[in-house]
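Structure at a glance
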Amino acid sequence: MESVGCFDTLPHGRLMSAVEPRRAEATVLPRIRACRAAGDLEPWQYHRTDGGTPQGGVLSPLLGPIVLHRLEEDLRQDLRA
């Protein structure tokens, strides 16, 4: 069975919808978009990414918990319904 990580599977659309309401200033969102769309470099080969934020990346410790918090809120709401 293949192991699936948390950070590398975060969908970019949900990531941005979770971050947008929490932005502190107008310059934050374009910077987050640029970082998440940067792709990755593995064995000196560029790979475009459509999802995720790299584990060990500068923004990952911020973005991962924001998305997980949003997931937790959605689950709590669904369980109450």
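Anyway, here's the lowdown on the structure attached to this text. All figures in this text were calculated on a predicted structure; none of them were measured in a lab.

A separate point is the overall build of the protein. Helices and strands together make up the secondary structure of the protein, namely three helices and two strands. Reading the protein from its N end, one meets helices and strands in the order α-α-β-β-α. Expressed as a percentage of the 81 residues in the protein, the buried residues total 21%. Considering only intrachain contacts with a sequence separation of at least 6, the fraction spanning at least 24 residues in the protein is 60%. For the protein, the computed accessible surface area is about 6300 Å², with 56% contributed by carbon and sulfur atoms.

Now for helix α3 (residues 60-80). Taking 1.5 Å per residue, 21 residues should reach 30 Å; α3 reaches 30 Å between its end C-alpha atoms and fits that length. For α3, the full list of buried residues reads S60, L63, G64, I66 and V67. Buried residues of α3, viewed axially, fall in a sector of 165 degrees; they line one side. Of the exposed residues in α3, those oriented more than 90 degrees away from the buried face are P61, Q77, L79 and R80.

Our focus in this paragraph is the pattern of salt bridges. Counted according to the given criterion, the structure contains one salt bridge. Residues E72 and R76 are paired through a salt bridge, measuring 2.6 Å at the closest nitrogen-oxygen approach. With a gap of four residues between them, E72 and R76 both fall in helix α3, about one helical turn apart. Overall, E72 belongs to the partly exposed group, its relative accessible area being 36%.

Before going further, it helps to examine unusual backbone geometry. Residues apart from glycine generally show negative phi values, whereas peptide bonds are mostly found in trans. Its identity is not glycine, yet W44 carries a phi of approximately 60 degrees, on the positive side. Tracing the backbone through its elements, the reader meets W44 in the loop between β1 (40-42) and β2 (45-47). By relative accessible area, W44 is classed as exposed at 79%.

Three or more residues of helix α2 (residues 28-36) are buried, namely L29, I32 and R36. Down the axis, α2 shows its buried residues gathered within 65 degrees of arc, on one side only.

What counts, and at which threshold
Residues numbered from 1 in each chain as written. Predicted model: local features only at pLDDT ≥ 70, side-chain atom pairs only at ≥ 80, totals over all residues. Heavy atoms only, no water. Helix = DSSP H or I, 4+ residues; strand = E, 2+ residues; numbered from the N terminus. Buried < 20%, exposed > 50% of the residue type's maximum accessible area, 1.4 Å probe, protein only. Contact = heavy atoms within 4.5 Å. Areas by Shrake-Rupley, 256 points an atom, 1.4 Å probe, with all protein chains shown as cover. Expected span 1.5 Å × (residues − 1). Arc of directions from axis to C-beta. Salt bridge = Lys/Arg side-chain N within 4 Å of Asp/Glu carboxyl O.

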